[in-house]
Amino acid sequence: MADVRVMKEKEQETEVNEAQIAVHWKEEQYFYPSSKFIGQAYLTDPAVDQRFSEKNFPECFREYADLLSWDQYWHTTLDTSDAPFWKWYAGGKLNASYNCIDRHLEQYRNKAAFVFVGEPEDVPPLSITYQELYYQVNEMAALLRDFGGLKAGDRVTIHMPVVPELPITMLACARLGVIHSVVFGGFSGEACGMRAADSGSKVLVTIDGYYRSGAMTDHKEKADIAVKTAKDEKHTIEKVLVWHREPGKYNSKTPMVEGRDFFVEDVLKKYAGQIVEPVPMPSEAPLFLMYTSGTTGRPKGCQHGTGGYLSYVAGTTKYIQDLHPTDVYWCMADIGWITGHSYIVYGPLALAATSVLYEGVPNYPDAGRPWRVAKRLNVNIFHTSPTAIRMLRKAGPDEPAKYDYHFKHMTTVGEPIEPEVWKWYHEVVGKGEAVIVDTWWQTETGGFLCSTKPAIDPMKPGSAGPALPGIYPVIFDEEGKEVKGGSGKAGNICIRNPWPGMFQTIYGDRDRFVAQYYRKYNKNPKSKDWRDWPYFAGDGAVQAPDGYFRILGRVDDVINVAGHRLGTKELESACLTVNEVAEAAVIPVVDEVKGRVPEVYVSLKPGQHNATAVSEAVTKAIEHQIGKIARPKKVHVVPDMPKTRSGKIMRRVLAAISNQMDTGDVTTLANPDVVEQIRVMVQGNRPVITKDVPEDVKRFGEER
Ligand code: WTA
């Protein structure tokens, strides 16, 4: 009996180790949007797919750019002369801040642009009208220009939580053509300092503190660490501008450094009422950098341009989010990630929408909080991640029914969503009324790539849906052969064509950009024809017979923790800063709420060591260098790492052990005995085999 089971497992192992892996999953039934939703939707004409078909490419994307106001209209929709560094709307000029604020004033001056909900529930929400936003962005722009000494093309690092001063600072930068680089507030001072140094930011904008899970966190202390880390990287941050979370009160124990640190509140007085003309920027001028984790080495600064990016987020917010100026829209993501940039700030504001900003954690003080916010603000479009949905479902499965709110539309993003979780989202959160879009995309892609068109395509739980208009995906196997839809096989999802939201380059590293995203499937590096440059997304996917794409997860060394991308290399190098550690390997384990969480294996240098103390030091090192989101579930101190004969650490074997899987054939390793020792250490004496291990975990660390 046992042997048969092992053989079956082995068969499966060999199957998944092939480039084209078989994927067994049940086809779910379709769900349909209500006629009420369809009746009010922006996009109801199925001919949109023809309009955006390949024969109309790239001119079809004129439609998105025409949603914006241009200071100078462009002459070339897509310039491919420097392939694969695409230029969208070449020759055009525009300003992002003008497009998000000024042009709405005439019609929407007194409509809320943002409604800010702080975490403490006893303080009422704060509405900021377009008129008020205009005022505050202009003053901050004047400050950045005249006090910060910043001009178009300079970079500024912003390390802040979700408070109105964050988008105000971003839009002030955009007004000047200054490139902002927002670092997620939960990242550590070190992580911030590394990114500030990489981007060459002379100014760091931060805040004294903010509310998180019921407590005020000291945030300014991270700025001091960031400045020091940047200095170690041979970069000087000259000025640190500190916003106040609460006017007139300093919520940090860290002293202000004379001549370096300045309270925005104080300096801003000098610029009261000043108006700064928005600087018309070339379409391809960078708007911002967003650092993200990749396969190798340090985080990379994804550089997004102005005209292409803003057009794409405006177009997709309109058609996929179905966001009208009369809607109240709440995206619960953090602005420090791409979702927040595209779908809290730039997309919604480009369309004159009302966008809700929420400072805190979703379940503070209890799992009813989001639904109270929804009711009080009359939110009708809701946007969040599978991790948040799983968390809210676990903490309060019956909470939504207690509150009288009604969503017309809901979004999920960031990770694959399990069909059961999807159904809870639909039935309980959406009360069976809301249409759902499961949007697949990435930091690099600027905006959505796959999703149902909410009033046109039926929904299918667990499946992102077809490609967006003007996006032509293809699934390739490792050899570059196309894996056909409906074949039941998975492979690497690629996008055959450029699109306006696509990032421009990795900041300061053109070679890495080409190597990481294009080299794998490019046949002719000299070609200027976009057809020769499929974009390699780094995700595994399978296409069903109906053309819908199901995303299986990363195919590289990236771990998606609660929808946040962490590079295993970054975590491993943090472990190696602990003196006793000789080698480190980080692998993903399946987690009920967060999707995946990292688990760490370390082997130690010779000598007497206290394993518990080392484990604690490793956890601390990770929290310190990256942030609490990267905290490992467990740290295993092992006698040695399983290695190939050429000395490569077999992360796949460790991932199998941590996920209660069979390790497969390890006899070809240099040290097969170690595998058994580690297995007994971690799994105990009984080999447990979990069914339905997700593909990304099964394939993790595979040599490719
Ligand atoms: C994953 C977040 C399944 C995917 C916008 C991708 C998803 C990575 C989905 C990008 C989805 C994002 N279904 N997986 N709807 N959306 N992913 O850069 O693995 O933080 O490559 O951008 O998240 O994460 P990033």
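Above this text is the structure in question.
This one's a predicted model, so the numbers in the text were calculated from it and none came from an experiment.

Caption draft 1: Representation of helix α15 (residues 386-395) within the structure. Among all positions in α15, only Pro386, Thr387, Ala388, Ile389, Arg390 and Leu392 are buried. The inward-facing, buried residues of α15 abut α14 (369-377), β19 (381-384), β20 (409-413), α16 (419-429) and β30 (595-604).

Caption draft 2: Structural detail: the environment of Thr169. Examined against the element boundaries, Thr169 turns out to sit in helix α8 (residues 165-176). Sequence spacing of Thr169 and Asp404 is 235 residues, and the spatial spacing of their C-alpha atoms is 35 Å. Excluding residues that lie within four positions of it along the chain, Thr169 makes contacts with Met140, Leu144, Ile158, Met160, Val205 and Trp243. There is a polar contact of 2.6 Å between the side chain of Thr169 and the backbone oxygen of Glu165.

Caption draft 3: Geometry of the packing of aromatic side chains. Counted according to the given criterion, the structure contains 47 aromatic pairs. Ring centres 4.8 Å apart and planes at 40 degrees place the aromatic pair Phe476 and Tyr521 in the tilted group. Of this pair, Phe476 sits in strand β22 (residues 473-476) while Tyr521 sits in the loop between α17 (510-517) and β25 (535-543); the two residues are 45 residues apart in sequence, bridging distant segments of the chain. For the residue pair Phe476 and Tyr521, the accessibility class agrees, reading buried in each case. Seen from the ring of Tyr405, Lys431 lies directly overhead, with NZ or CZ sitting 3.9 Å from the centre. Above the face of the Phe536 ring, Lys520 is positioned so that its terminal group lies 5.6 Å from the ring centre.

Caption draft 4: Region of interest: the site of the ligand. Looking at the ligand, there are 17 residues lining it, with Asp438, Thr439, Thr443, Asp539 and Arg565 nearest. Within the backbone of Gly414, one N or O atom sits 3.1 Å away from a nitrogen atom of the ligand. In the model, a nitrogen atom of the ligand is placed 3.3 Å from a nitrogen or oxygen of the Glu415 main chain. Considering the ligand on its own, with 530 Å² of exposed area, one finds that the protein chains cover 97% of that surface. Looking at the shell around the ligand, the elements with two or more residues in it are α13 (338-350), β21 (435-439) and β26 (549-554). Looking at the shell around the ligand residue by residue, the classes come out as six nonpolar, six polar and five charged.

Caption draft 5: Layout of the sheet that holds strand β12 (residues 239-243). The strand order across the open sheet built from eight strands is β13-β12-β9-β7-β8-β15-β16-β24, with neighbouring strands paired in mixed fashion. The sheet is open, and its two borders are formed by β13 (261-263) and β24 (505-506), each paired with just one other strand. Pairing analysis gives two bridges linking strand β16 (residues 300-305) to β24, with the strands arranged antiparallel. The partner of Gln303 across the bridge, within β24, is Thr505. Contacting β7 (155-160), β8 (179-184), β9 (203-207) and β15 (286-292), helix α9 (residues 189-199) runs over the sheet at an angle of about 165 degrees to β7.

Definitions and limits used
- Residues numbered from 1 in each chain as written.
- Predicted model: local features only at pLDDT ≥ 70, side-chain atom pairs only at ≥ 80, totals over all residues.
- Heavy atoms only, no water.
- Buried < 20%, exposed > 50% of the residue type's maximum accessible area, 1.4 Å probe, protein only.
- Helix = DSSP H or I, 4+ residues; strand = E, 2+ residues; numbered from the N terminus.
- Contact = heavy atoms within 4.5 Å.
- Polar contact = N/O pair within 3.5 Å; in protein donor to acceptor, adjacent residues only side chain to side chain.
- Phe/Tyr/Trp six-rings, centres within 6.5 Å; stacked < 30°, edge-to-face > 60°.
- Lys NZ or Arg CZ within 6 Å of the ring centre and 35° of its normal.
- Near = heavy atom within 4 Å.
- Areas by Shrake-Rupley, 256 points an atom, 1.4 Å probe, with all protein chains shown as cover.
- Nonpolar A, V, L, I, M, F, W, Y, C, P; charged D, E, K, R; others polar.
- Pairing = 2+ DSSP bridges.
- Axes fitted to C-alpha atoms, helices over the stretch in contact; angles between N-to-C directions.

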